[in-house]
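Letter by letter, the chains look like this.
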Amino acid sequence: MHTLKITAIVGSLRSESVNGAVARAAIEVGSSHAEIELFSVADVPLYNGDIEQVALPAAVQALHDSVGAADGVLLFSPEYNGSFPAVTKNAIDWLSRPPRGWEGTPISMVVTTPGVRAGASLRTHFEAIMAFQPVRLFPSLGIGTCGEKITDGELSDAVARAELGNFVASFADFCR
Ligand SMILES: Cc1cc2nc3c(=O)[nH]c(=O)nc-3n(C[C@H](O)[C@H](O)[C@H](O)COP(=O)(O)O)c2cc1C
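Residues numbered from 1 in each chain as written. Predicted model: local features only at pLDDT ≥ 70, side-chain atom pairs only at ≥ 80, totals over all residues. Heavy atoms only, no water.

A separate point is the layout of surface pockets. In this structure, the largest pocket occupies an estimated 200 Å³ of space. Lining of the largest pocket is provided by 13 residues; of these, Val10, Ser12, Arg14, Gly20 and Ser40 occupy positions nearest its centre. Elements represented by at least two residues in the lining of the largest pocket include exactly helix H1 (18–29) and strand S2 (35–39). For the lining of the largest pocket, the per-class residue count stands at 6 nonpolar, 5 polar and 2 charged. In terms of lining, the second largest pocket is formed by Ser12, Arg14, Ser17, Val18, Asn19, Pro78, Glu79, Tyr80, Thr112, Thr113 and Pro114. (1 Å grid on protein atoms, 1.4 Å probe; cavity = no way out; pocket = protein on both sides within 12 Å on 5 of 7 lines; lining within 4 Å. Points joined across faces, edges and corners; volume = space filled by probe spheres on them. Helix = DSSP H or I, 4+ residues; strand = E, 2+ residues; numbered from the N terminus. Nonpolar A, V, L, I, M, F, W, Y, C, P; charged D, E, K, R; others polar.)

In structure tokens:
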């Protein structure tokens, strides 16, 4: 059977990012269901229609290519002020433009936060804007109180790891 390929985009540029830690954990706990590859958006410039008109920047083309070649896309994003960090929204904005590498692609989001609401507000906003995109939306996952679940940059909490594993397994089924 063809190995399912998932592109993971982390919406935080911080080296100690808790969302990055959860993305790395997803690679581990999801390894029997899919090959999850991290795509770094560190080099993706802010969306600018003038630049787009001339030529797509290499990092933007690489983002479209990675997403276009994937069977599914997972965004691992912090919640900022109840909504999208600019980094996450910027990646979405580029992907919503031609060549729209994500046409028909399954997509979901995992939001990890220190608070108990587990990014409920961002996850609602994500679902609202994705309704206008030609993607197949899968219900998001929220991981709250991450301070108790992540130690030394690793998702160490057994329950959270199991939940993440179940999420990746269900998402992989959805992608098939
Ligand atoms: C500008 C800003 C706004 C934030 N707003 C929220 C928020 O609305 N909800 C929340 O749970 N955490 C919020 N936080 C805290 C982040 O969840 C926390 O900094 C988290 O570690 C960021 O994710 P990262 O570690 O992956 O970079 C905010 C942080 C920043 C810097």
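Okay, back to it.
Let us look at the packing of aromatic side chains. On inspection of all chains with the given rule, the structure shows 5 aromatic pairs. An aromatic cluster is present here, built from Phe138, Phe167, Phe171 and Phe174 joined pairwise through their rings. We note arginine 136 situated over the ring of phenylalanine 174; from NZ or CZ to the ring centre the distance is 4.2 Å. (Phe/Tyr/Trp six-rings, centres within 6.5 Å; stacked < 30°, edge-to-face > 60°. Lys NZ or Arg CZ within 6 Å of the ring centre and 35° of its normal.)

So, on to unusual backbone geometry. At the junction of proline 98 and proline 99, the peptide bond is cis and its omega measures out at 5° in the coordinates. When you line up the elements, proline 99 lands in the loop between helix H4 (86–95) and strand S4 (106–112). Backbone geometry at asparagine 81 places phi at a positive 45°, although glycine is not the residue there. Tracing the backbone shows asparagine 81 in the loop between strand S3 (72–77) and H4. Of the residues examined, asparagine 81 reaches a relative accessible area of 85% and is grouped as exposed. The phi dihedral of aspartate 152 is positive, around 50°, even though this residue is not glycine. For aspartate 152, a relative accessible area of 82% corresponds to the exposed category. (Buried < 20%, exposed > 50% of the residue type's maximum accessible area, 1.4 Å probe, protein only.)

Such coordinate-based values are descriptive only and should not be taken to indicate function.
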